[in-house]
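What follows is each chain in one-letter form.
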Amino acid sequence: MARRATIPLILALLITALGFATLIVVRGATSPPLIYGASYAGMLIIVYIVTRVWLPHADALLLAVVALLTGIGLVMIFRLTYDVKGIENLATTQVLWILIGSAVLLFIVLFFRNYERLFDYKYLFALAAIVFMASVATPLGYEVNGAKLWLHLGPVSIQPSEFARIALVIFYAGYLADKREVMAATSRSFLGIQLPALKYFGPVAAVWVASLVLLVLENDLGDSLLFFAVPLLMLYVATGRAAYVILGVILFAIGALAAYNFVGHVQLRVEAWLNPWPHAQQQCCYQVVQSLFNIADGGITGTGLGAGFSQTIPEVQTDFIFASVASEFGLLGATVVLLAFLVFVYRGIKISMLAQDPASKLLAFGVTAMFAIQTLIIVGGVTKAIPLTGVTLPFVSYGGSSVVGSFVLTGLLLVISEKAGKAFGSESAYKGA
Amino acid sequence: MDLQIPLLAAKALLLLLLFAFIYAVVRRGIGDLRSIPDDEPYRPGAPAPAREDRHRIISKGIPEMVVESSDILAPDTRFPIGDGTMSIGRSSSSDVVLKSDDYVSGRHARITHHADLLYIEDLNSTNGTFVNDRKTIGATPLRSGDTVRIGSTIFRYVE
């Protein structure tokens, strides 16, 4: 495990500071209260130091990547909203969410070193996740842009699916680790395909179907894609049988075809993906067309902070933040952001490979796969490589639930990497950099 | 116009720092990569990573069951699994006959192959089949070096 990451962390904080300085000095933006910046940087440094002291074998490189991504996110959110009436305080709100997320991460780091006991409650996690996701259908839930995904709890609104997905990954990891041997074994064959005994699939299939049905009813396409793909990938990793991947592709094809024919809003998305240009001024395609114009405008090195026109994209600070990064930091900056995601995912897979027991391996793999697919879905959607489905860009996009959820995920990876790094270190007496 | 130069400078510096970050992060990542020994590929059903103390027997490429210790068979007796299947039991029609071991059922276990892996499967025997001292449930994939215990006989599976 890469245990020290002081230099990358400092670089990430410097980048954020420079970004804000550019906006304030060159663009003449009103500086947000300095206390927010100080507490943001202070919190990340505290998290880093506590992790280094308390979990000496953990992969601190993850924290440096988190610092860079949240930093770029803050700079872009501030740049996109500081002069927009009504939402000019979005960046400071995001800082508050990052502070809450970091506090949760600290809590996990301090008290969940023995994360294995989470697996004892796997069925509870699955049940809680489903109930939590279903709760948006109650009067507490409310609708934004045609998708009823948010829950009002007092002054804050949260998006249950952001948390439910982590609980579900814990469930899948715990269950599959218990049953993977019997699931890998074959008991009969059908049309020449070896089929495992179906009874072991009951719980996984029930949770999987329930979560998908809920998301489809809620019109949440991006999340349904995530909740569809991650369990299948985990099943493949747990059993090593390509049959599950093939089955997944077939199910995906059937599901996609059904959705295309029966859900009107999917047809619009596909049309906006295949050929948005004739409808550039209409609601369906305006966002994606503006996003493409912005990315093109950025060129290789970008327009420079504050010089782009990405405020023309509706909802740019959440789903489309990658377009504004590409516009103002250019191809080079957007590449750095993607590389940072790649490093995060690489570290996650590495942690999964080094982890000693199957449940930890699967948990690390599951959260990493979720993180990777989420990034892929939204970056692909924004660049019109795949049909657009709304998910946030982890850590970068504005959004409380998304930020806190991503911090929880990072906390889990940290505690898994501590245990894996410790076992690995004692085995080979390897002294990490 | 006077804003152009500081903006350009800020932009260049920002990109430089971004790549410095990636360089710093990737350098650590790769240092880490180099120091990892050749990982055994993660296979389902595999026991914990092979320990150093486990002595390996080199064979000629054909998977074999080698007797480690037994009350009834001579140690180091080799049973090649030529066509990828093998039946083990007390009955004389078995490929590996464990006669006069009261803890072995007539048709005790069989080895089957599927997708490059050999699996051992207990055939509802009375006393069970143990791979690396763990009782098997259903077909269990075998990896070179695994021990298989049936009755009093311990085999080592080698590829």
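Model, not experiment: these values are computed from the prediction. (Residues numbered from 1 in each chain as written. Chains lettered and ligands numbered in written order. Predicted model: local features only at pLDDT ≥ 70, side-chain atom pairs only at ≥ 80, totals over all residues. Heavy atoms only, no water.)

Requested: an account of the pairing of strand E5 (residues 109–114) of chain B, with residues and values cited.
Residue and element names in this part refer to chain B. With three bridges joining them, strand E3 (residues 86–89) and E5 adopt antiparallel strand pairing. Bridging from a neighbouring strand, Ile88 pairs with Ala109 of E5. Looking at chain direction, E5 and strand E6 (residues 117–122) are connected through six bridges and run antiparallel. Bridge pairing in E6 places Thr112 opposite Tyr119. (Pairing = 2+ DSSP bridges. Helix = DSSP H or I, 4+ residues; strand = E, 2+ residues; numbered from the N terminus.)

Explain the nonpolar core to me, and be specific about the residues and the numbers.
With 141 residues, the main nonpolar core has Leu68, Met234, Phe344 and Leu363 of chain A together with Phe21 of chain B as its most contacted residues. In contact with Met234 of chain A, other than residues within four places in its own chain, are Val169, Tyr172, Ala173, Leu176, Leu362, Phe365 and Gly366 of chain A. Val104, Ile111, Ile120 and Ile150 of chain B belong to the second-largest nonpolar core, a separate cluster that totals 19 residues. (Core = buried A, V, L, I, M, F, W, Y, C linked by side-chain atoms within 4.5 Å. Buried < 20%, exposed > 50% of the residue type's maximum accessible area, 1.4 Å probe, protein only. Contact = heavy atoms within 4.5 Å.)

Which residues make up the packing of aromatic side chains, and what values do they have?
Residues and elements named next belong to chain A. Using the criterion set out here, one finds 17 aromatic pairs over all chains in the structure. Centre to centre, the rings of Trp277 and Phe293 are 6.0 Å apart; their planes meet at 45 degrees, and the pair counts as tilted. Residue Trp277 is located in the loop between helix H11 (264–274) and helix H12 (283–298), and its partner Phe293 is located in helix H12; the two are separated by 16 residues in the primary sequence. Here Trp277 falls in the partly exposed class, since its relative accessible area comes to 42%. When its relative accessible area of 42% is taken as the criterion, Phe293 is described as partly exposed. Measuring from centroid to centroid gives 4.2 Å for Phe344 and Phe371, while their planes differ by 25 degrees, and the two rings are stacked. Of this pair, Phe344 sits in helix H13 (residues 321–354) while Phe371 is found in helix H14 (residues 358–382), placing the two residues 27 residues apart along the sequence. Owing to a relative accessible area of 0%, Phe344 belongs among the buried residues under this scheme. The buried category is assigned to Phe371, whose relative accessible area is 1%. Pairwise contacts between aromatic rings join Phe341, Phe344, Phe371, Phe395 and Phe407 into one cluster. The lysine or arginine in question, Arg113, covers the ring of Trp54, its NZ or CZ lying 5.1 Å from the ring centre. (Phe/Tyr/Trp six-rings, centres within 6.5 Å; stacked < 30°, edge-to-face > 60°. Lys NZ or Arg CZ within 6 Å of the ring centre and 35° of its normal.)

Account for the sheet that holds strand E7 (residues 129–131) of chain B, naming residues and giving values.
Residue and element names in this part refer to chain B. As summarised here, the arrangement of the six strands in space is E2-E1-E11-E10-E7-E8, forming an open sheet in which the pairing is antiparallel. Where the open sheet ends on each side, the last strands, each with one partner, are strand E2 (78–80) and strand E8 (134–135). Pairing of E7 with strand E10 (residues 147–150) involves three bridges; the strand directions are antiparallel. Bridging from a neighbouring strand, Thr129 pairs with Ile150 of E10.

Run through unusual backbone geometry, naming residues and quoting values.
One non-glycine residue, Lys384 of chain A, lies in the positive phi region at around 65 degrees. Secondary-structure assignment places Lys384 of chain A in the loop between H14 and helix H15 (400–428). Not every positive phi belongs to a glycine, and Asn132 of chain B is a case in point at roughly 50 degrees. Relative to the helices and strands, Asn132 of chain B resides in the loop between E7 and E8.

Now, about the sheet that holds E6 of chain B: what can you tell me, with residues and values included?
All names here are of chain B. An order of E4-E3-E5-E6-E9 is seen for the five strands of this open sheet, with the pairing classed as mixed. Of all the strands in the sheet, just strand E4 (96–97) and strand E9 (140–142) have a single pairing partner and so form its edges. As defined by bridge partners, E3 adjoins E4 across two bridges and the pair is classed as parallel. Bridge pairing links Ile88 to Val96 in E4.

Residue-level account of the pairing of strand E11 (residues 153–158) of chain B, with values.
Residue and element names in this part refer to chain B. Of all six residues making up E11, five are buried, and the element is well covered by its neighbours. Where strand E1 (residues 64–69) and E11 come together, five bridges link them in antiparallel fashion. Bridge assignment links Met65 to a residue of E11, and that residue is Tyr157. Bridge count for E10 against E11 is four bridges, and the pairing is antiparallel.

Go over the environment of Ala205 of chain A with me, naming the residues and quoting the values.
Locating Ala205 of chain A in the fold gives a position in helix H8 (residues 202–217). Spatially, the C-alpha atom of Ala205 of chain A lies 44 Å from that of Leu13 of chain A, the residues being 192 residues apart in sequence.

Describe helix H2 (residues 34–54) of chain A, naming the residues involved and giving the relevant values.
Residues and elements named next belong to chain A. In a regular helix each residue adds 1.5 Å, so 21 residues correspond to 30 Å; H2 covers 30 Å between its end C-alpha atoms and thus fits that length. Of all the residues in H2, the buried ones are Tyr40, Met43, Leu44, Val47, Tyr48 and Thr51. Viewed end-on, H2 has its buried residues packed into an arc of 125 degrees, placing them on one side of the element. Opposite the buried face of H2, by more than 90 degrees, sit the exposed residues Leu34, Ile35, Ala38 and Val53. (Expected span 1.5 Å × (residues − 1). Arc of directions from axis to C-beta.)

So what's going on with the side chain of Ser406 of chain A? Residues and values would help.
Looking at where Ser406 of chain A falls in the secondary structure, it is placed in helix H15. Other than its neighbours up to four places away in sequence, Ser406 of chain A contacts Pro394 and Phe395 of chain A.

So what's going on with the confidence of the model for chain A? Residues and values would help.
All names here are of chain A. Of all residues in chain A, 91% attain a pLDDT of 70 or more, and the chain-wide mean is 85. The least confident element of chain A, judged by mean pLDDT, is strand E4 (residues 188–190) at 57; the most confident is H14 at 93. Scored below 50 in pLDDT, residues 428–433 shows 11 contacts in the model against residues more than four places distant or in partner chains. (pLDDT = per-residue confidence, 0-100.)

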